[in-house]
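# Structural description and commentary
So the chains spell out like this:
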Amino acid sequence: MKEFFTDKVINTFKPEMEEAYRIESGERIIVHTRDCYSGALTKPTDSYENMDRSGFNTATGPFYVEGAMPGDVLKVQIIDLEVANQGVAVVVPNEGTVGYRVEKKKFNLIPVRNGMVEYGDFTFPADPMIGIIGVATKDEVIPTNIPGDHGANMDTKDIKKGSTVYLPVFQKGGMLALGDVHGKMGDGESSCSGLEIPGKATLQIDVIKNGDLKMPLVETENEFMVIATASTIEDANAKGTEEMVRLFQKISHMPWEDLYMMMGMVMDLRISQVVNPMMTIRTVVPRNLLNGRMLFGNR
Ligand code: CA
Ligand code: CA
């Protein structure tokens with residue numbers, strides 16, 4: 001299995017990206033990722049004040065996937081996801097849900113031992129997830145910290161070991177890149193960081209021809225979820241709901257109104273994150289609703 005380290009990283013997703021690596025469809029690879037501060041906060045003596053922001057939110061790659069063309073979908077199975085034995089969390093004035101209460105920047109270095117996060121008086125299980133995973137955009141230049149229809153900083157805690165992420169391909173080769181792994185993150189990422197930590201992901205990557213997705217979709221053991229990003233939660237919810245109904249229209253002959261009506265009964269709205277420059281939600285349906293069929297066909 002080919003293994004890729006953190007020497008080649010990007011800070012922006014855009015239409016024309018220079019490939020760092022080339023891989024085959026069907027290949028299984030190991031990808032290492034920097035923590036979201038590129039290792040600038042790893043010792044108690046490190047300073048948050050003079051950090052070089054160019055190392056923020058990097059993503060390893062991009063990977064040109066042979067055969068991926070605009071209109072296809074990249075299927076990324078997360079076979080395994082390991083994290084380092086120490087991460088960092090921060091608070092920053094005026095960032096996060098109640099950042100107005102934060103007077104100065106603070107960071108805590110946090111050990112992860114035997115799968116447990118040791119945080120002061122509290123210990124809780126680590127639950128590693130990938131914060132940033134995305135592909136080249138259709139026509140915009142977008143910093144890696146801003147999520148969108150191309151993926152990127154979705155900060156969705158279901159993007160973890162055992163899940164499959166489907167990303168729409170907008171450019172030849174797809175140009176997959178990932179980073180910003182968290183050892184643990186809660187829905188919302190309310191205080192503006194999770195447990196920011198270096199990661200090591202084992203991924204199986206396949207191209208699905210003519211996949212027809214408008215935005216990322218995640219498949220977990222029991223659920224399908226559309227990941228929708230917009231400038232407000234309301235707009236993201238509308239976008240995610242529209243996409244979910246559209247996907248059901250492809251597997252059912254029921255009228256749009258009837259499928260939309262069903263969403264009121266079966267679909268959950270969950271918040272992914274509310275602290276990045278755009279808001280991200282997921283609209284979620286149980287897999288057992290589909291009687292073994294796939295929501296997202298052609299595979
Ligand atoms: Ca993030
Ligand atoms: Ca992060």
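This report concerns the structure included in the present document. The shown structure was predicted, so the numbers you read here are calculated from the model rather than taken from an experiment.

Definitions and cut-offs
Residues numbered from 1 in each chain as written. Chains lettered and ligands numbered in written order. Predicted model: local features only at pLDDT ≥ 70, side-chain atom pairs only at ≥ 80, totals over all residues. Heavy atoms only, no water. Helix = DSSP H or I, 4+ residues; strand = E, 2+ residues; numbered from the N terminus. Contact = heavy atoms within 4.5 Å. Pairing = 2+ DSSP bridges. Axes fitted to C-alpha atoms, helices over the stretch in contact; angles between N-to-C directions. Donors = N, O, S within 2.8 Å, 3.2 Å for Na, K, Ca; no water. Buried < 20%, exposed > 50% of the residue type's maximum accessible area, 1.4 Å probe, protein only. Polar contact = N/O pair within 3.5 Å; in protein donor to acceptor, adjacent residues only side chain to side chain. Core = buried A, V, L, I, M, F, W, Y, C linked by side-chain atoms within 4.5 Å.

## Things to note about the side chain of E27
Examined against the element boundaries, E27 turns out to sit in strand β5 (residues 27–33). Excluding residues that lie within four positions of it along the chain, E27 makes contacts with K2, L203, Q204 and I205.

## Some points on the sheet that holds β5
The nine strands lie next to each other as β1-β5-β17-β7-β15-β18-β19-β21-β20, forming an open sheet whose pairing is mixed. Edge positions in the sheet fall to β1 (2–4) and β20 (268–273), since each of these pairs with one other strand and no more. Strand-to-strand twist across the sheet, computed as the mean angle between neighbouring axes with direction ignored, equals 25°. One ladder, built from three bridges, connects strand β18 (residues 217–219) with strand β19 (residues 223–230); its direction is antiparallel. Each bridged residue has a counterpart across the sheet, and for L217 the counterpart in β19 is V226. Along the sheet, helix α1 (residues 233–249) makes contact with β18, β19, β20 and β21 (279–286), crossing β19 at roughly 140°.

## Thoughts on the coordination of the calcium ion (ligand 1)
Summarising the metal site, the calcium ion (ligand 1) is bound by the protein donors N153 (OD1), D155 (OD), D155 (OD) and D180 (OD), whose distances to it range over 2.2 to 2.5 Å. Of note, the calcium ion (ligand 1) draws all its donor residues from one chain, in the sequence arrangement N-x1-D-x24-D. Distance-wise, the calcium ion (ligand 2) is placed 3.2 Å from the calcium ion (ligand 1), both being coordinated by D180. A residue pair is termed long-range when its members are at least 10 positions apart, and N153 in strand β14 (residues 151–153) and D180 in strand β16 (residues 174–182) qualify at 27 residues. Since its relative accessible area comes to 2%, N153 is described here as buried.

## Observations concerning the sheet that holds strand β9 (residues 106–113)
Taken in spatial order, the four strands of this open sheet run β8-β9-β10-β11, and their pairing is antiparallel. Sheet topology places β8 (86–91) and β11 (122–125) at the edges, where each strand pairs with a single neighbour. With strand direction ignored, the average angle separating the axes of adjacent strands in the sheet is 30°. Two strands pair when backbone bridges link them, and strand β10 (residues 116–119) and β11 are joined in this way by four bridges, in the antiparallel orientation. Within the sheet, the bridge partner assigned to M116 lies in β11 and is P125.

## Details of the environment of T137
Position of T137 relative to the elements: it lies in the loop between β12 (129–134) and β13 (142–143). For T137, a relative accessible area of 3% gives the class buried. Residues T137 and G151 lie 14 residues apart in sequence; the distance between their C-alpha atoms is 9.0 Å. Apart from the residues lying within four places of it in its own chain, the contact partners of T137 are F13, K14, P15, I142, H150, F170 and Q171. Polar side-chain contacts of T137 include one of 2.4 Å to the backbone oxygen of E140.

## Points about the coordination of the calcium ion (ligand 2)
Only D180 (OD), H182 (NE2), E196 (OE) and E196 (OE) from the protein reach the calcium ion (ligand 2) as donors, at distances of 2.3 to 2.5 Å. Read in sequence order, the donor residues coordinating the calcium ion (ligand 2) give the pattern D-x1-H-x13-E. On the accessibility criterion, D180 (3% relative accessible area) is buried. E196 sits in the buried class, given a relative accessible area of 2%.

## Comments concerning the environment of T164
Inspection of the secondary structure assignment puts T164 in strand β15 (residues 164–168). It is 6.6 Å that separates the C-alpha atoms of T164 and T220, two residues lying 56 residues apart in sequence. In this structure T164 touches K75, V76, Q77, L217, V218 and E219, once residues within four positions along its chain are discounted.

## Regarding the nonpolar core
Counting residues in each nonpolar core, the largest one holds 38 residues, and the members touching the most others are L74, I130, I133, L176, L203 and I205. Non-local contacts of I133, meaning those with residues more than four positions away in its chain, are made with V76, H150, G151, A152, M154, I159, L167, L176, A177 and L178. Membership of the second largest hydrophobic core comes to 24 residues, among which are I208, M215, A228 and V245.

By themselves, these figures tell us nothing about what the structure is for.
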